[in-house]
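Reading the structure
One letter stands for each residue in the lines below.
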Amino acid sequence: MQSLVIVAHGSHLNPDSATPTHTHADTIRATGAFDEVRTGFWKEQPSLREVLRTARGDDIYVVPLFISEGYFTERVIPRELRLEGWDPELWGSDGISADTATLVASDIDTEVHYCGPVGTHEAMTDVLIHRAESVTGDPSVGEGFGFAVVGHGTERNENSAKAIEYHTERIRETGRFDEVKALFMDEEPEVDDVADHFDSEDIIVVPLFIADGFHTQEDIPEDMGLTDDYRNGYDVPSEVDGHRIWYGGAVGTEELTADVILERAADAGADIGDAIARVRQRTKPTQAAGD
(Lines give C-alpha, C1' and ligand atoms only; values in the text may rest on other atoms or scores of the structure.)
Protein backbone atom coordinates (compact mmCIF):
# COMPACT_ATOMS: atom_id res chain seq x y z
CA MET A 1 0.00 0.00 0.00
CA GLN A 2 1.39 3.39 -1.05
CA SER A 3 0.67 6.68 0.72
CA LEU A 4 1.50 10.13 -0.63
CA VAL A 5 1.76 12.97 1.88
CA ILE A 6 1.98 16.48 0.44
CA VAL A 7 3.32 18.94 3.02
CA ALA A 8 2.99 22.71 2.69
CA HIS A 9 3.26 25.91 4.70
CA GLY A 10 -0.36 27.03 4.94
CA SER A 11 -1.40 30.27 6.62
CA HIS A 12 -3.60 31.51 9.46
CA LEU A 13 -4.06 34.79 7.58
CA ASN A 14 -4.53 33.82 3.93
CA PRO A 15 -7.40 31.39 3.33
CA ASP A 16 -6.16 30.75 -0.23
CA SER A 17 -2.73 29.57 0.87
CA ALA A 18 -3.74 25.92 1.17
CA THR A 19 -5.92 25.86 -1.96
CA PRO A 20 -3.18 24.70 -4.39
CA THR A 21 -2.19 21.89 -2.00
CA HIS A 22 -5.74 20.56 -1.81
CA THR A 23 -6.24 20.98 -5.56
CA HIS A 24 -3.10 19.02 -6.43
CA ALA A 25 -3.98 16.34 -3.88
CA ASP A 26 -7.39 15.94 -5.54
CA THR A 27 -5.79 15.76 -9.01
CA ILE A 28 -3.38 13.03 -7.90
CA ARG A 29 -6.07 11.21 -5.95
CA ALA A 30 -8.14 11.00 -9.13
CA THR A 31 -5.33 9.15 -10.96
CA GLY A 32 -5.48 6.26 -8.48
CA ALA A 33 -1.68 6.12 -8.37
CA PHE A 34 -1.69 6.02 -4.55
CA ASP A 35 -3.90 4.15 -2.11
CA GLU A 36 -4.25 7.41 -0.22
CA VAL A 37 -3.19 11.03 -0.65
CA ARG A 38 -2.93 13.18 2.47
CA THR A 39 -1.97 16.79 3.16
CA GLY A 40 -0.19 18.34 6.13
CA PHE A 41 0.62 21.97 7.00
CA TRP A 42 2.89 24.04 9.21
CA LYS A 43 0.26 26.73 9.86
CA GLU A 44 -3.01 24.85 9.29
CA GLN A 45 -4.69 21.56 10.01
CA PRO A 46 -3.90 18.75 9.65
CA SER A 47 -0.54 19.62 11.17
CA LEU A 48 2.84 18.31 10.09
CA ARG A 49 3.26 16.81 13.54
CA GLU A 50 0.12 14.69 13.22
CA VAL A 51 -0.21 13.88 9.52
CA LEU A 52 1.96 10.75 9.42
CA ARG A 53 -0.11 9.19 12.21
CA THR A 54 -3.03 9.06 9.78
CA ALA A 55 -1.06 7.51 6.91
CA ARG A 56 -1.79 3.80 6.46
CA GLY A 57 0.68 2.91 3.72
CA ASP A 58 3.55 0.47 3.93
CA ASP A 59 5.43 2.88 1.66
CA ILE A 60 5.04 6.56 2.55
CA TYR A 61 6.27 9.29 0.22
CA VAL A 62 6.49 12.83 1.60
CA VAL A 63 6.73 15.63 -0.97
CA PRO A 64 7.25 19.24 0.24
CA LEU A 65 5.19 21.73 -1.76
CA PHE A 66 7.87 24.39 -1.35
CA ILE A 67 9.92 26.33 -3.90
CA SER A 68 13.43 25.97 -2.53
CA GLU A 69 15.62 24.06 -0.14
CA GLY A 70 16.08 25.88 3.13
CA TYR A 71 14.80 26.32 6.66
CA PHE A 72 11.46 24.57 6.19
CA THR A 73 12.60 21.64 4.07
CA GLU A 74 15.83 21.08 5.99
CA ARG A 75 14.73 21.78 9.57
CA VAL A 76 11.03 22.30 10.22
CA ILE A 77 9.51 19.46 8.20
CA PRO A 78 11.99 16.71 9.24
CA ARG A 79 11.67 17.80 12.88
CA GLU A 80 7.87 17.84 12.86
CA LEU A 81 7.71 14.47 11.07
CA ARG A 82 10.25 13.10 13.57
CA LEU A 83 12.55 11.66 10.93
CA GLU A 84 15.29 9.85 12.82
CA GLY A 85 18.85 10.58 11.76
CA TRP A 86 17.89 13.37 9.38
CA ASP A 87 20.73 15.53 8.11
CA PRO A 88 20.56 17.80 5.02
CA GLU A 89 23.75 16.12 3.85
CA LEU A 90 21.71 13.01 3.15
CA TRP A 91 20.34 14.82 0.11
CA GLY A 92 23.88 15.57 -1.08
CA SER A 93 22.49 18.72 -2.64
CA ASP A 94 24.16 21.81 -4.05
CA GLY A 95 21.07 23.82 -3.18
CA ILE A 96 18.86 22.75 -6.07
CA SER A 97 19.52 19.02 -6.44
CA ALA A 98 17.82 17.50 -3.37
CA ASP A 99 16.36 14.11 -4.25
CA THR A 100 15.30 11.54 -1.63
CA ALA A 101 16.29 10.40 1.85
CA THR A 102 14.68 7.32 3.40
CA LEU A 103 14.36 7.50 7.18
CA VAL A 104 12.24 6.12 9.99
CA ALA A 105 9.54 8.35 11.44
CA SER A 106 10.00 7.55 15.12
CA ASP A 107 6.46 7.98 16.40
CA ILE A 108 4.97 5.55 13.84
CA ASP A 109 8.10 3.37 13.50
CA THR A 110 7.75 3.36 9.71
CA GLU A 111 10.16 4.23 6.92
CA VAL A 112 9.39 7.44 5.07
CA HIS A 113 10.77 8.50 1.69
CA TYR A 114 11.43 12.20 2.20
CA CYS A 115 11.68 14.01 -1.15
CA GLY A 116 13.18 17.31 -2.21
CA PRO A 117 10.88 20.30 -2.78
CA VAL A 118 8.80 20.55 -5.94
CA GLY A 119 10.25 23.96 -6.81
CA THR A 120 13.72 22.65 -7.65
CA HIS A 121 12.60 19.65 -9.72
CA GLU A 122 13.36 19.94 -13.42
CA ALA A 123 9.69 19.28 -14.24
CA MET A 124 8.79 22.66 -12.72
CA THR A 125 10.30 24.24 -15.83
CA ASP A 126 7.47 22.68 -17.85
CA VAL A 127 4.92 24.09 -15.40
CA LEU A 128 6.33 27.60 -15.84
CA ILE A 129 6.06 27.28 -19.62
CA HIS A 130 2.58 25.81 -19.21
CA ARG A 131 1.58 28.90 -17.21
CA ALA A 132 2.82 31.07 -20.11
CA GLU A 133 0.52 29.10 -22.40
CA SER A 134 -2.37 29.42 -19.97
CA VAL A 135 -2.10 33.17 -19.39
CA THR A 136 -1.84 33.95 -23.10
CA GLY A 137 -4.31 31.28 -24.22
CA ASP A 138 -1.76 30.20 -26.83
CA PRO A 139 -0.26 26.67 -26.65
CA SER A 140 2.47 27.72 -29.07
CA VAL A 141 3.39 31.02 -27.40
CA GLY A 142 7.06 31.93 -27.57
CA GLU A 143 8.22 33.89 -30.62
CA GLY A 144 8.08 37.60 -30.01
CA PHE A 145 7.67 37.18 -26.24
CA GLY A 146 9.94 37.81 -23.31
CA PHE A 147 9.61 35.65 -20.19
CA ALA A 148 10.33 36.79 -16.63
CA VAL A 149 10.59 34.22 -13.84
CA VAL A 150 10.09 36.11 -10.58
CA GLY A 151 11.35 35.13 -7.14
CA HIS A 152 11.28 36.73 -3.74
CA GLY A 153 15.01 37.03 -3.27
CA THR A 154 16.44 37.04 0.24
CA GLU A 155 19.83 37.15 1.91
CA ARG A 156 18.56 34.63 4.47
CA ASN A 157 18.37 31.79 1.94
CA GLU A 158 20.73 31.82 -1.01
CA ASN A 159 18.99 28.75 -2.40
CA SER A 160 15.88 30.84 -3.07
CA ALA A 161 17.60 32.65 -5.93
CA LYS A 162 19.22 29.42 -7.14
CA ALA A 163 15.82 27.90 -7.91
CA ILE A 164 14.75 30.97 -9.89
CA GLU A 165 17.97 31.09 -11.88
CA TYR A 166 17.90 27.33 -12.51
CA HIS A 167 14.51 27.40 -14.20
CA THR A 168 15.28 30.65 -15.99
CA GLU A 169 18.28 29.03 -17.63
CA ARG A 170 16.33 25.89 -18.51
CA ILE A 171 13.60 27.94 -20.20
CA ARG A 172 16.24 29.98 -22.01
CA GLU A 173 17.87 26.79 -23.30
CA THR A 174 14.63 25.75 -25.01
CA GLY A 175 15.08 28.69 -27.40
CA ARG A 176 11.32 29.14 -27.38
CA PHE A 177 11.14 32.73 -26.09
CA ASP A 178 13.02 35.75 -27.41
CA GLU A 179 14.28 36.72 -23.94
CA VAL A 180 14.20 34.92 -20.60
CA LYS A 181 15.29 36.63 -17.40
CA ALA A 182 15.17 36.13 -13.63
CA LEU A 183 13.76 39.04 -11.63
CA PHE A 184 13.28 39.47 -7.89
CA MET A 185 11.23 41.39 -5.37
CA ASP A 186 13.99 42.10 -2.86
CA GLU A 187 17.22 41.99 -4.84
CA GLU A 188 18.58 43.04 -8.20
CA PRO A 189 17.38 42.83 -10.92
CA GLU A 190 14.02 43.93 -9.52
CA VAL A 191 10.62 43.11 -10.95
CA ASP A 192 9.58 46.75 -10.34
CA ASP A 193 11.57 47.66 -13.45
CA VAL A 194 10.36 44.76 -15.60
CA ALA A 195 9.87 46.91 -18.70
CA ASP A 196 13.47 48.13 -18.49
CA HIS A 197 14.88 44.61 -18.64
CA PHE A 198 13.26 43.52 -21.92
CA ASP A 199 13.25 44.61 -25.54
CA SER A 200 10.28 42.38 -26.35
CA GLU A 201 6.99 44.21 -26.65
CA ASP A 202 5.17 41.31 -24.98
CA ILE A 203 6.45 40.09 -21.62
CA ILE A 204 5.10 37.10 -19.69
CA VAL A 205 5.67 37.41 -15.94
CA VAL A 206 5.33 34.31 -13.75
CA PRO A 207 6.22 34.31 -10.03
CA LEU A 208 7.84 31.08 -8.84
CA PHE A 209 5.62 30.96 -5.75
CA ILE A 210 3.42 28.09 -4.56
CA ALA A 211 0.27 30.04 -3.68
CA ASP A 212 -1.18 33.43 -4.45
CA GLY A 213 -1.01 35.81 -1.52
CA PHE A 214 0.13 39.26 -0.49
CA HIS A 215 3.24 39.25 -2.69
CA THR A 216 1.73 37.84 -5.89
CA GLN A 217 -1.70 39.48 -5.69
CA GLU A 218 -0.76 42.86 -4.27
CA ASP A 219 2.96 43.70 -4.27
CA ILE A 220 4.04 42.47 -7.69
CA PRO A 221 1.10 43.86 -9.72
CA GLU A 222 1.47 47.26 -8.04
CA ASP A 223 5.26 47.26 -8.26
CA MET A 224 5.15 46.50 -12.00
CA GLY A 225 2.65 49.30 -12.58
CA LEU A 226 -0.26 47.08 -13.62
CA THR A 227 -2.44 48.98 -11.17
CA ASP A 228 -2.19 51.68 -8.52
CA ASP A 229 -4.37 49.63 -6.20
CA TYR A 230 -4.66 45.85 -6.50
CA ARG A 231 -8.24 46.07 -5.18
CA ASN A 232 -9.23 47.75 -8.45
CA GLY A 233 -7.89 44.83 -10.47
CA TYR A 234 -5.92 45.03 -13.71
CA ASP A 235 -6.05 43.84 -17.29
CA VAL A 236 -4.14 40.89 -18.70
CA PRO A 237 -2.29 42.00 -20.68
CA SER A 238 -1.67 45.45 -19.22
CA GLU A 239 0.23 48.25 -20.94
CA VAL A 240 3.34 49.35 -19.04
CA ASP A 241 5.93 51.70 -20.55
CA GLY A 242 5.24 50.56 -24.11
CA HIS A 243 5.14 46.84 -23.26
CA ARG A 244 2.28 44.42 -22.83
CA ILE A 245 2.63 42.58 -19.52
CA TRP A 246 1.00 39.15 -19.31
CA TYR A 247 0.95 38.49 -15.58
CA GLY A 248 0.37 34.87 -14.62
CA GLY A 249 0.30 34.85 -10.83
CA ALA A 250 1.85 32.13 -8.66
CA VAL A 251 2.95 29.16 -10.77
CA GLY A 252 2.07 26.73 -7.99
CA THR A 253 -1.62 27.35 -8.68
CA GLU A 254 -1.17 25.82 -12.15
CA GLU A 255 -2.85 22.42 -12.07
CA LEU A 256 0.12 20.82 -13.84
CA THR A 257 2.08 21.23 -10.58
CA ALA A 258 0.52 17.90 -9.63
CA ASP A 259 2.81 16.40 -12.28
CA VAL A 260 5.88 17.63 -10.38
CA ILE A 261 4.65 16.10 -7.13
CA LEU A 262 4.22 12.79 -8.96
CA GLU A 263 7.69 13.10 -10.48
CA ARG A 264 9.19 13.60 -7.02
CA ALA A 265 7.43 10.51 -5.67
CA ALA A 266 8.39 8.44 -8.72
CA ASP A 267 12.03 9.47 -8.34
CA ALA A 268 11.82 8.15 -4.77
CA GLY A 269 10.58 4.77 -5.99
CA ALA A 270 6.80 5.11 -6.00
CA ASP A 271 4.93 3.02 -8.57
CA ILE A 272 2.67 5.61 -10.22
CA GLY A 273 1.82 3.83 -13.46
CA ASP A 274 0.59 6.23 -16.14
CA ALA A 275 -0.44 8.96 -13.66
CA ILE A 276 1.95 11.57 -15.07
CA ALA A 277 0.65 11.10 -18.61
CA ARG A 278 -2.92 11.34 -17.34
CA VAL A 279 -2.25 14.58 -15.47
CA ARG A 280 -0.51 16.09 -18.47
CA GLN A 281 -3.41 15.18 -20.74
CA ARG A 282 -5.94 16.58 -18.29
CA THR A 283 -4.07 19.88 -17.97
CA LYS A 284 -3.21 20.33 -21.64
CA PRO A 285 -3.94 23.96 -22.57
CA THR A 286 -6.48 24.74 -25.27
CA GLN A 287 -6.48 27.55 -27.80
CA ALA A 288 -8.22 30.67 -26.55
CA ALA A 289 -11.71 31.26 -27.90
CA GLY A 290 -11.67 33.24 -31.10
CA ASP A 291 -8.02 32.45 -31.92
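My aim in this report is to walk through the structure given alongside it, one point at a time.

Attention now goes to the overall build of the chain. The helix and strand tally for the chain stands at 8 helices and 10 strands. Taking 19 Å as the expected radius of gyration for a compact globule of 291 residues, we find that the chain reaches 19 Å, a close match to that expectation. Taking all 291 residues of the chain together, 56% fall into the buried category. If you sum the accessible surface of the chain, you get close to 12,600 Å²; carbon and sulfur atoms cover 42% of it. Within the chain, one finds 23 positive and 59 negative side-chain charges whose respective centroids are separated by 7 Å.

This part takes up the side chain of D219. For D219, the location among the structural elements is in helix α6 (residues 214–224). Residues in contact with D219, not counting those within four places in the same chain, are M185 and F214.

By the secondary structure assignment, V127 is in helix α4 (residues 123–136). Residue classification places V127 among the buried positions, given a relative accessible area of 0%. A C-alpha to C-alpha distance of 29 Å links V127 and D228, two positions 101 residues apart in sequence. With near-sequence residues (within four places) excluded, V127 lies in contact with V251, E254, L256, T257 and V260.

Strand β6 (residues 145–151) sits mainly inside the fold: 7 of its 7 residues count as buried. Inspection of the sheet shows β6 paired to strand β8 (residues 202–207) by 6 bridges, in the parallel sense. Each residue of the ladder has a partner; that of A148, found in β8, is V205. Judged from the 6 bridges that link them, β6 and strand β7 (residues 179–184) form a sheet pairing that is parallel. Within the sheet, the bridge partner assigned to G151 lies in β7 and is F184.

Applying the stated criterion to the full structure yields 18 salt bridges. A salt bridge links D107 to R53, with the shortest nitrogen-to-oxygen separation between them at 2.9 Å. Placement of D107 in the loop between β4 (100–105) and β5 (110–115) and of R53 in the loop between α2 (48–51) and β3 (59–64) is noted, with a sequence separation of 54 residues between them. Put simply, R280 and D259 hold a salt bridge, and the shortest N to O gap is 3.0 Å. Here R280, found in helix α8 (residues 275–282), pairs with D259, found in helix α7 (residues 257–267); they are 21 residues apart in sequence, far enough to count as distant. A relative accessible area of 33% places R280 in the partly exposed class. Under the relative-accessibility criterion, D259 is labelled buried at 0%.

Moving on: the nonpolar core. Of all hydrophobic cores here, the largest spans 54 residues; its most connected members are L4, F34 and F177. It is α4 that provides the largest number of residues to this core, a total of 7 residues. Leave out the neighbours within four places in its chain, and F177 touches I129, A132, V141, G142, F145, F147, I171 and I204. In this structure, L48, A55, W86 and A105 belong to the second largest nonpolar core, which totals 21 residues.

This part covers the pairing of strand β10 (residues 243–247). Counting buried positions along β10 yields 4 of 5 residues, so the element is predominantly enclosed. Here 4 bridges tie β8 to β10, and the two strands are oriented parallel to one another. Note on β10: the bridge partner recorded for I204 is W246. As paired strands, strand β9 (residues 238–240) and β10 are joined by 3 bridges and run antiparallel to one another. What sits directly across from S238, in β10, is I245. If you look at the hairpin formed by β9 and β10, you'll find 2 residues sitting between the two strands, and D241 has a positive phi there, around 50 degrees.

Cut-offs used in this document
- Per chain, the residues get numbers from 1 upward, laid out in the order the sequence is written.
- Two thresholds apply to this predicted model, a pLDDT of at least 70 for residue-level local features and 80 or more for giving and counting side-chain atom pairs, whereas whole-chain, interface and lining totals are computed over all residues.
- Side-chain descriptors were evaluated using all non-hydrogen atoms of the structure, hydrogens and water having been removed beforehand.
- Labels follow the DSSP assignment, with helices taken as runs of H or I lasting at least four residues and strands as runs of E lasting at least two, numbered in each case from the N terminus.
- Radius of gyration means the value over C-alpha atoms here, while the globule rule gives 2.2 Å times the residue count to the 0.38 power.
- Per-residue accessibility, obtained with a 1.4 Å probe over protein chains only, is compared with the maximum for each type, and a residue is labelled buried under 20%, exposed over 50%, and partly exposed between these values.
- Per-residue and other accessible areas were derived by the Shrake-Rupley procedure at a 1.4 Å probe size, with only the shown protein chains allowed to occlude residues.
- In this tally, Asp and Glu contribute negative charge and Lys and Arg positive charge; neither His nor the terminal groups of the chain are included.
- Every charge is mapped to an atom, namely NZ of Lys, CZ of Arg, CG of Asp or CD of Glu.
- The criterion used for residue contact is that any of the two residues' heavy atoms lie within 4.5 Å.
- Pairing between strands requires that DSSP locate at least two bridges from one strand to the other.
- When a carboxyl oxygen of Asp or Glu is within 4 Å of a side-chain nitrogen of Lys or Arg, the pair counts as a salt bridge.
- The criterion is simple. A nonpolar core is a set of buried Ala, Val, Leu, Ile, Met, Phe, Trp, Tyr and Cys residues joined through side-chain atoms within 4.5 Å.

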